[in-house]
There are 2 protein chains.
Amino acid sequence: MEIPYKYYLPAEDMPAAWYNVRADMKKKPAPLLNPATRQSVTAEELEKVFCSELVKQELDETLPWFEIPGPVADFYRMFRPSPLVRAYFLERALGTPAHIYYKFEGNNTSGSHKLNSAIAQAYYAKLEGLKGVTTETGAGQWGTALSMACAFFGLDCKVFMVKCSYEQKPFRREVMRTYGASVTPSPSMETEVGRKINAEHPGTTGSLGCAISEAVETAITHEGYRYVLGSVLAQVLLHQSIIGLETQKALRNLGVKADVIIGCAGGGSNLGGLIAPFVGEKLRGEADYRFIAVEPASCPSLTRGKYAYDFCDTGKVCPLQKMYTLGCDFIPSASHAGGLRYHGMSSIISELYDQGVIEARSVRQTDVFEAAQFFARTEGILPAPESSHAIRAAIDEAKRCKETGREENIVFGLTGTGYFDMTAYQAFNDGKMSDYIPTDEELAAAAPRG
Amino acid sequence: MEIPYKYYLPAEDMPAAWYNVRADMKKKPAPLLNPATRQSVTAEELEKVFCSELVKQELDETLPWFEIPGPVADFYRMFRPSPLVRAYFLERALGTPAHIYYKFEGNNTSGSHKLNSAIAQAYYAKLEGLKGVTTETGAGQWGTALSMACAFFGLDCKVFMVKCSYEQKPFRREVMRTYGASVTPSPSMETEVGRKINAEHPGTTGSLGCAISEAVETAITHEGYRYVLGSVLAQVLLHQSIIGLETQKALRNLGVKADVIIGCAGGGSNLGGLIAPFVGEKLRGEADYRFIAVEPASCPSLTRGKYAYDFCDTGKVCPLQKMYTLGCDFIPSASHAGGLRYHGMSSIISELYDQGVIEARSVRQTDVFEAAQFFARTEGILPAPESSHAIRAAIDEAKRCKETGREENIVFGLTGTGYFDMTAYQAFNDGKMSDYIPTDEELAAAAPRG
């Protein structure tokens, strides 16, 4: 059949449940540990921080499917199904025999895939009768998504925004405020951990790990609040599986078998969600795929990190997680634009990488923006810097296909739009963007001791 | 049938031609006049400024259909069909018996419907072998759209951006630059007319009329360049009819008969495009509809302007057009946010309004942003300030239906997103937004003498 430029899954094909890839993993990700006892965390311990239904999802390694609750499915209809786009224009511009597809998650006001999990987490918070939730945001996409979700369910929303993003993206803050959220630059003086970090690192531009600590502390110290997280956790990858499930069904309807599936990787939620059902096929021996995680050279947790137990947050208040990590004190250079600045990686992605199920590569920032600009001009969508890591790798794979003459099917996740990243684009347009690659010594100094 | 939340027209139902509503108007809009001779302009005269194919479209009042060229139809597939959304969440929040639909044109990087005409105009410029085009932009949507279209066809693009928007929206400029356009704040010192206006009105924040003059002058004085315009002209309304044609077909497929059709009105292109085929039905006596043009109280050309021949631009270099106008020297208050700041109105819309085919109303800025925020929180899309004028009217109509218990079908044009309008949203969020309504004396002072 002729592949349309954009394919929207028919309503009757929409997934009714999220897929838990851990159910198909023979060797499971290592359990979260209580930082005090170094024992596996219990549901009871996690429920002090997270909603109980989300704790269930976090800890369940065997149940393959979780039904999507009605109100969440209802909200999904606002922006889902997202289109699976055949990148005809990009293929033509590259002169590649490869067929390139991207799953575009940016057609909603949060500007990214983050809304998929935000609405689920807000729903469970509402169900539990909470007043509100706290969270951190880096590039601002997660905070925006959560603000939208909280507005929908009438929940209060307190966002700690990594200071450098807060300053680079004043308009993100206003979107969140328009949805009724309060936004605080992190590290702030509102929490104990924020004051401590400010004292130890005066003038710091912040990090996701630090913002997480502040949000967790605020949740614990405010009655009726829980903490929610936009990436890294197994529950988030579960919700994000909607991306992969739609993609899988769409490709089947179109009669297309993917060869390579590519996603950018910060905390791992978009990549984990996109590839989950395909990884399931691979683990069950039903089909083979190459999976490529693409990360910034300035924050290379998979390609240059250590697979070890580490803290998820700078303040060391969260459970320990076994993951590829640069060390919870690692803070990427201020020259690094946008997201993908987390020091670690989802334990699921980490374990799959360790097992050799997925590959990883790192790419330089200027190469990423070059790909972003090329993509914008050919495909008509101005991509988020994060998503552009996947574009870079997809273009490189398409070029490889051109050299070898192979007509492969390349699928990548276009997680979002760059409309709030124009400070970074401006630096690129002005030729003022630099590449920063941490030295081995710098990485060794930050690496976890465990 | 059950109406889906979002409806995308199937590929086979996509319009193959644009609709020229003038063909169905018994009394046609008055002709454009040459400002020197006060005679009807000839094609030859217009071709000094515009591409010849576009001149044909501008002057043809009888041909009802113009085929959409292949490459334009091809480009349309990147972002069309746009969804027709049933506003279930908004209806529920309002408790109205009315059924509300909106045609959402914001799911593309230009953020608005403007891309529909930009790609057509760039195509004809390319076809004619031009080097590039010049234009003006107010809120920045048109300039962005044209930049994208020019990047696609490899044309140079010179944009004069109304100074207050240039300052309020630095990121818009970067989007245009990312697509390879040059962007100059207007009035500039690069043109004779710009220097004159700067000398006469030091510190002016600019106007669309003034930016038009600069763009026209630049086109005339640069070999291989023509001027293109994003609204007002009959050719632009022709291209924008794609919005209405898709809407008409979608409603037919869904078995829905609209009662009220609402659009915001600045120059009139989105409104004109949305309502064109429905106006055709009304003029041919096939169906009846109410049409509502919604304009800002701070720039009320239809509701408080004069129906007279006037200049389209402050510099008085363009043809005279008979239209509802506040006078070509009218510049809206600096407190007016975003677009819809043109002193006049499309001659087609003006004539339809004069004939009583369409209604008009003006709305206050703070009421518009209140509607915008309400819409964002219920429907999940952060709307452009311009589009929010239509939202305001749609909500007011839905409230009327609630009072009267009438189950009417309300359709409005959601022309774009507000991601680059966060300065205005910030003013609203901070309670610092003001309403400015010109006095009768101010309007009289600016009114055309003719």
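Remember, it's a predicted structure, so these values are computed and weren't measured experimentally.

Scoring rules and cut-offs
Residues numbered from 1 in each chain as written. Chains lettered and ligands numbered in written order. Predicted model: local features only at pLDDT ≥ 70, side-chain atom pairs only at ≥ 80, totals over all residues. Heavy atoms only, no water. Helix = DSSP H or I, 4+ residues; strand = E, 2+ residues; numbered from the N terminus. Rg over C-alpha atoms; globule rule 2.2 N^0.38 Å. Buried < 20%, exposed > 50% of the residue type's maximum accessible area, 1.4 Å probe, protein only. Contact = heavy atoms within 4.5 Å. Lys, Arg positive; Asp, Glu negative; His and termini not counted. Charge placed at Lys NZ, Arg CZ, Asp CG, Glu CD. Salt bridge = Lys/Arg side-chain N within 4 Å of Asp/Glu carboxyl O. Buried area = accessible area lost by both parts, 1.4 Å probe. Nonpolar A, V, L, I, M, F, W, Y, C, P; charged D, E, K, R; others polar. Least-squares fit on C-alpha atoms with pLDDT ≥ 70 in both. Domains from an automatic or database assignment. Polar contact = N/O pair within 3.5 Å; in protein donor to acceptor, adjacent residues only side chain to side chain. Axes fitted to C-alpha atoms, helices over the stretch in contact; angles between N-to-C directions. Parallel < 35°, antiparallel > 145°, perpendicular 65-115°, else oblique. Pairing = 2+ DSSP bridges. Expected span 1.5 Å × (residues − 1).

Of the regular secondary structure elements, chain A holds 18 helices and 15 strands. Over its C-alpha atoms chain A spans a radius of gyration of 20 Å, differing by no more than 12% from the 22 Å that the globule rule assigns to 450 residues. Projected onto its principal axes, the C-alpha positions of chain A cover 60 × 50 × 45 Å. Expressed as a percentage of its 450 residues, the buried residues of chain A come to 66%. Partitioning the contacts of chain A with sequence separation of at least 6, the portion at a separation of at least 24 is 76%. Side chains of chain A give 46 positive and 53 negative charges; the mean places of these two sets differ by 1 Å.

Turning our attention to unusual backbone geometry. Residue Arg80(A) is joined to Pro81(A) through a cis peptide bond whose omega torsion reads -5°. On the secondary structure map, Pro81(A) appears in the loop between helix 3 (70-76) and strand 4 (84-86). Of note, the bond from Ser186(B) into Pro187(B) is cis; its omega dihedral lies within 30 degrees of zero at 5°. Residue placement: Pro187(B) occurs in the loop between strand 8 (182-186) and helix 9 (192-200). Look at Val232(A): it is not a glycine, yet its phi comes out positive at around 65°. Tracing the backbone shows Val232(A) in the loop between strand 9 (225-227) and helix 11 (234-254). Classification of Val232(A) by relative accessible area gives buried; the value is 5%. One non-glycine residue with positive phi stands out, namely Arg38(B), at about 60°. Inspection of the secondary structure puts Arg38(B) in the loop between strand 2 (17-19) and helix 1 (43-46).

The subject of this paragraph is the pattern of salt bridges. Residues and elements named next belong to chain A. Considering all chains together, one arrives at 52 salt bridges over all chains under this definition. The partner of Glu174 in a salt bridge is Arg173, with the nearest N and O atoms 3.3 Å apart. Owing to a relative accessible area of 0%, Glu174 belongs among the buried residues under this scheme. On the accessibility criterion, Arg173 (16% relative accessible area) is buried. The salt bridge partner of Glu281 is Arg252, with a shortest N-O separation of 3.5 Å. Note that Glu281 is positioned in helix 12 (residues 269-283) and Arg252 in helix 11, a separation of 29 residues in sequence. Residue classification places Glu281 among the buried positions, given a relative accessible area of 6%. For Arg252, a relative accessible area of 52% gives the class exposed. If you follow the salt bridges from partner to partner, you end up with Arg290, Glu359, Arg361, Glu397, Arg400, Arg406 and Glu408 in one network.

Facing the 41 residues of chain A at the interface are 41 residues of chain B. A buried area of about 3,900 Å², summed over both sides, lies between chain A and chain B, and 56% of it is on carbon and sulfur atoms. Linking chain A with chain B are two salt bridges. The partner of Arg177(B) in a salt bridge is Asp430(A), with the nearest N and O atoms 2.8 Å apart. If you list the elements that add at least two residues to the side of chain A that touches chain B, you get helix 3, helix 4 (88-94), helix 6 (141-153), helix 8 (170-178), helix 15 (365-379) and helix 17 (422-429) of chain A. For the side of chain A that touches chain B, the element with the highest residue contribution is helix 8 of chain A, accounting for six residues. Grouping the constituent residues of the side of chain A that touches chain B by class yields 19 nonpolar, twelve polar and ten charged.

The next thing to look at is the relation of the copies chain A and chain B. Rotating chain A by 180° and translating it 0.0 Å along the rotation axis places it on chain B, where the RMSD comes to 0.0 Å. Given the turn and translation reported, the copies of this chain are related as if by a two-fold rotation axis. Across chain A, the smallest distance between a C-alpha and the rotation axis is recorded for Asn107(A), namely 3.0 Å. In this assembly the copies share their binding face: 100% of the residues contributing to the interface of chain A also contribute to that of chain B.

Let's shift gears to the domain arrangement of chain A. Residue and element names in this part refer to chain A. Assigned domains within chain A: domain 1 (18-67 + 113-227) and domain 2 (80-111 + 233-446). Relative to domain 2, the C-alpha centre of domain 1 lies at a distance of 21 Å. The interface is formed by 55 residues belonging to domain 1 together with 55 residues belonging to domain 2. Of the roughly 4,900 Å² buried where domain 1 meets domain 2, counting both sides, 62% is carbon and sulfur surface. Of all residues in domain 1, Tyr19, His113 and Asn116 give up the largest surface area on contact with domain 2, accounting jointly for 14% of the area buried on that side. Inspection of the region where domain 1 meets domain 2 yields three salt bridges. With a closest N to O distance of 3.2 Å, Glu351 and Lys27 form a salt bridge. Our count for the domain 1 to domain 2 interface comes out at 20 residue pairs in polar contact (both at pLDDT 80 or more). Among the residues forming the side of domain 1 that touches domain 2, the class breakdown is 32 nonpolar, 14 polar and nine charged.

Attention now moves to the packing of helix 9 of chain B against helix 10 (residues 208-221) of chain B. Residue and element names in this part refer to chain B. Where helix 9 contacts helix 10, the two axes come as close as 8 Å, and the packing angle between them is 150°. As the angle between them shows, helix 9 and helix 10 are arranged roughly antiparallel. Within the contact between the two elements, helix 9 uses Glu192, Val193, Gly194 and Ile197 and helix 10 uses Cys210, Ser213, Glu214 and Glu217. Considered class by class, the residues forming the contact of helix 9 with helix 10 number three nonpolar, two polar and three charged.

On to the sheet that holds strand 8 (residues 182-186) of chain A, then. All names here are of chain A. Read from one edge of the open sheet, four strands run 8-7-6-9, paired in parallel fashion. In the strand order of this sheet, the two ends are held by strand 8 and strand 9, each with one partner. For this sheet the average axis-to-axis angle between neighbouring strands, irrespective of direction, equals 25°. The sheet contact formed by strand 6 (residues 132-137) and strand 9 spans three bridges and is parallel. Residue pairing across strands places Val133 opposite Arg226, the latter belonging to strand 9. Contacts from helix 6 reach strand 6 and strand 7 (156-162), with the element oriented near 165° to strand 6. With respect to the sheet, helix 8 is in contact with strand 6, strand 7 and strand 8, its orientation differing from that of strand 7 by roughly 170°.

What follows covers helix 10 (residues 208-221) of chain A. Residues and elements named next belong to chain A. When the terminal C-alpha atoms of helix 10 are compared, their 20 Å separation across 14 residues agrees well with the 20 Å that a helix rising 1.5 Å per residue should span. Within helix 10, twelve of the 14 residues are buried, leaving the element largely enclosed by the surrounding structure. Every buried residue of helix 10 is accounted for by Leu208, Gly209, Cys210, Ala211, Ile212, Ser213, Glu214, Ala215, Val216, Glu217, Thr218 and Ala219. The inward-facing, buried residues of helix 10 contact strand 6, strand 7, strand 8, helix 9 (192-200) and strand 9. Looking at where helix 10 begins, the residue whose side-chain oxygen comes 3.1 Å from the main-chain nitrogen of Cys210 is Ser207.

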